[in-house]
Amino acid sequence: SQGGRTAAKMHMALSQVGQVGRTSRFETTAGSTSDTADSAAQVRPTSDDEEETTEDVINHLMETRKMLPNASYFAFTATPKNRTLEIFGQAYAEGGEVKHRAFHTYTMKQAIQEGFILDVLAHYTPVASYYRLMKTVADDPEFDSQRAQKKLRRYVESHEYALRQKAEIMVEHFHTDVLARHKLGGQARAMVVTPSIQRAIATYFAIQEALAARQSPYKAIVAFSGEPEYGGKPVTEATLNGFPSSQIPEQFREDPYRFLVVAEKFQTGYDEPLLHTMYVDKILAGIQAVQTLSRLNRAHPQKHDTFVLDFVNDADAIQRAFEPYYRATLLSRETDPNKLHDLKADLDGAQVYEEAQVEQLAALYLGGAARERLDPILDVCVAVYKADLDEDGQVAFKGNAKAFVRTYNFLSSILPYNNAGWEKLSIFLNFLIPKLPAPQETDLARGILEAVDMDSYRAEVQATLAITLADEDAEIEPAPTGQGGWKPEPELERLSAIIRTFNDIYGNLDWQDRDRVEHIIAAEIPAQVAADPAYQNAMRHSDAQNARVEFEKALGRVMISLLADQTELFKQYSDNESFKKWLSDAVFGLTYTPPGREVGMGAA
């Protein structure tokens, strides 16, 4: 696949084929001066007769970036983007607009009807999650309400208690609704989609524990990039899975592995027909939603349906994401190149640079100057940016600069005319943008997570439904060329009001006492017992039998500490021997870590 920069270089390379007979020719060197400005491939004249001017080089550069008239270009995609349609699609006039469509279409609808892929929306099940938060500080500080709501949502979704409940739902569903029904002849696999590496690892451990608690013979695999720190130490896919990353696809096809927990991996391009079920714990929208859920659509002789269990998104959002790609996707109109005039006017108006500086840098760069000759020009502009623009001005300038470069890189290959000023400014901005410091934004929601705790959590699996898509062609808008860099004004609210709003949105459920008690037993009591110093010492230096003795003492201390707030729970612990034994066994299983084992309840 190609972006604007790669496409431009390819056009330049191909255009050299016809240049051999010219007295004056050009050679292109991509990225030889700066890795950050590789979109403006350096073009140096190599004439044997006379020196080419900067304007000659610029004009030739613009011409060689265009799509070649004697070449054919083809794109193959299931989810055509607006830029793809405008570059590769066939243009046609309708209603006073120039639109674009694919030269040939084999639609998702037709592929489903003919059995080449499966309908991944035929069995979609949303899971409603309900939370209630409580304030844990005496005062009532103010926070930025919008940022606070986002932080609180991430907090509750990542909370250990919530992850454990979701893992139990996934494991139970996979055994009762997938394995028990002999999907794919008993070979079915499941993918768990998470929003971050930390969430993926935590979910992986939660699923492993849920599988062990169910005495299931199956295991999970986790997939992520890099070497993040988790539980106080660096981890990799290999250290957690027990085999190299390169073996994940083939290992996933073999028992005992049935769950693949992913963070930004295997969500596009992954082709595994045994994948039957997907558990979604990440916000999905647009093309990302289509590409992610479509991992399930690969056909298999024993695969007759698929299943999606979604903890985060709703059916309406998924329907909106899929509808543009169910039948033919059309581009409603072409990108307006005049938007580049507007962006350039705003950039010029900020007075971060002068026209002479743009001309000087472009001439030096195209002439093969070393980087140390370019930096002094850029450093002057950076100093003006930092001194003369306030935070909003910096946000607007950097956003507009990125929008200009992105739009010009796209349009430069298809515009029927050249604009030397745009080309020079694009070269200049490609160097300047990486040197502009990010505006220092004050996080007015900092500290809110230390002031709250999760009071209750419940996840309810809703009725399975079939999402029906409109049986009609869909139009999409052209690539956005608008100005970037808008920053919303913070709205400060008291912590109590933020929590009340959050509970009204996400806690709209008639809570019963048992919800609170379940949370205390599953989360609060184990956490307090596990933190008991005497119990920790016994786990490190004693066997399980002696650790259990110290555990009982720690549990008693915790239960006494709960007496004031949880009288009924303490009464059951004191008077009901059956309940006391059940509670003791449950909490010991959640907290006990044998000597030498590094990852226990805390990391999960």
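Further up the page is the structure itself.
Residues numbered from 1 in each chain as written. Predicted model: local features only at pLDDT ≥ 70, side-chain atom pairs only at ≥ 80, totals over all residues. Heavy atoms only, no water.

Enquirer: What should I look at first to understand helix α17 (residues 495–506) in this one?
Expert: Owing to its 3.6 residues per turn, the α-helix brings residues three or four apart onto one side. Between its first and last C-alpha, α17 extends 16 Å over twelve residues, near the 16 Å set by a 1.5 Å rise per residue. Within α17 the residues assigned to the buried category are Leu495, Ala497, Ile498, Ile499, Phe502 and Asn503. Buried residues along α17 sit in contact with β5 (124–135), β6 (142–144), α5 (145–158), β15 (452–461) and β17 (492–494). (Helix = DSSP H or I, 4+ residues; strand = E, 2+ residues; numbered from the N terminus. Expected span 1.5 Å × (residues − 1). Buried < 20%, exposed > 50% of the residue type's maximum accessible area, 1.4 Å probe, protein only. Contact = heavy atoms within 4.5 Å.)

Enquirer: What's the story with the environment of Asn537 in this structure? I'm lost.
Expert: If you trace the backbone, Asn537 turns up in helix α19 (residues 533–541). On the accessibility criterion, Asn537 (40% relative accessible area) is partly exposed. Note: C-alpha distance between Asn537 and Ala547 (ten residues apart in sequence) is 8.5 Å.

Enquirer: Just checking my understanding: could you explain the pattern of salt bridges for this structure?
Expert: Pairing between side chains of opposite charge can happen when the charged atoms of each approach one another. Summed over all chains, the structure comprises 35 salt bridges. For Lys151, the salt bridge identified is with Asp443, shortest N-O distance 2.7 Å. Residue Lys151 is located in helix α5, and its partner Asp443 is located in the loop between α16 (420–432) and β15; the two are separated by 292 residues in the primary sequence. In this structure, Arg298 engages Asp271 in a salt bridge whose closest nitrogen and oxygen atoms are separated by 3.1 Å. (Salt bridge = Lys/Arg side-chain N within 4 Å of Asp/Glu carboxyl O.)

Enquirer: Sorry if this is basic, but what is going on with the nonpolar core here?
Expert: One broad rule of soluble globular proteins: the nonpolar side chains tend to lie buried together. Grouped together as the largest cluster of nonpolar side chains are 59 residues, with contacts concentrated most on Leu133, Ile207, Leu240, Phe259, Tyr279 and Met454. Top contributing element to this core by residue count: helix α6 (residues 160–179), with ten residues. Those residues in contact with Leu240 that sit more than four places away from it in its chain are Ile201, Tyr204, Phe205, Val222, Phe224 and Val235. (Core = buried A, V, L, I, M, F, W, Y, C linked by side-chain atoms within 4.5 Å.)

Enquirer: Is there a simple way to explain the sheet that holds strand β7 (residues 189–193) in this structure?
Expert: By way of backbone hydrogen bonds, the strands of a sheet pair with one another, either parallel or antiparallel. The strand order across the open sheet formed by seven strands is β8-β11-β7-β12-β13-β5-β15, and the pairing between neighbours is mixed. Each having just a single partner strand, β8 (219–223) and β15 make up the two edges of the open sheet. Strand-to-strand twist in this sheet, taken as the mean axis angle between neighbours without regard to direction, amounts to 20 degrees. Packing against the sheet, α5 makes contact with β5 and β15, and its axis sits at approximately 110 degrees to β5. Running over the sheet, α6 touches β7, β11 (257–262), β12 (275–280), β13 (307–310) and β15 and is turned about 10 degrees from β15. (Pairing = 2+ DSSP bridges. Axes fitted to C-alpha atoms, helices over the stretch in contact; angles between N-to-C directions.)

Enquirer: Is there a simple way to explain the pairing of β5 in this structure?
Expert: In regular strands, side chains alternate between the two faces of the sheet. Burial analysis of β5 places nine of its twelve residues in the buried class, the great majority of the element. Of the strand pairs in this sheet, β5 and β13 are connected by three bridges, and their pairing is parallel. Within the sheet, the bridge partner assigned to Tyr124 lies in β13 and is Val308. In the sheet, β5 pairs with β15 via nine bridges, with the strands oriented antiparallel. Following the sheet pairing, Lys135 is matched in β15 by Val452.

Enquirer: Explain the environment of Leu343 to me, please; I cannot follow it from the model alone.
Expert: Of note, Leu343 is situated in helix α12 (residues 339–349). With 61 residues separating them along the chain, Leu343 and Phe404 place their C-alpha atoms 6.2 Å apart.

Function-wise, these values are silent; they only describe arrangement.
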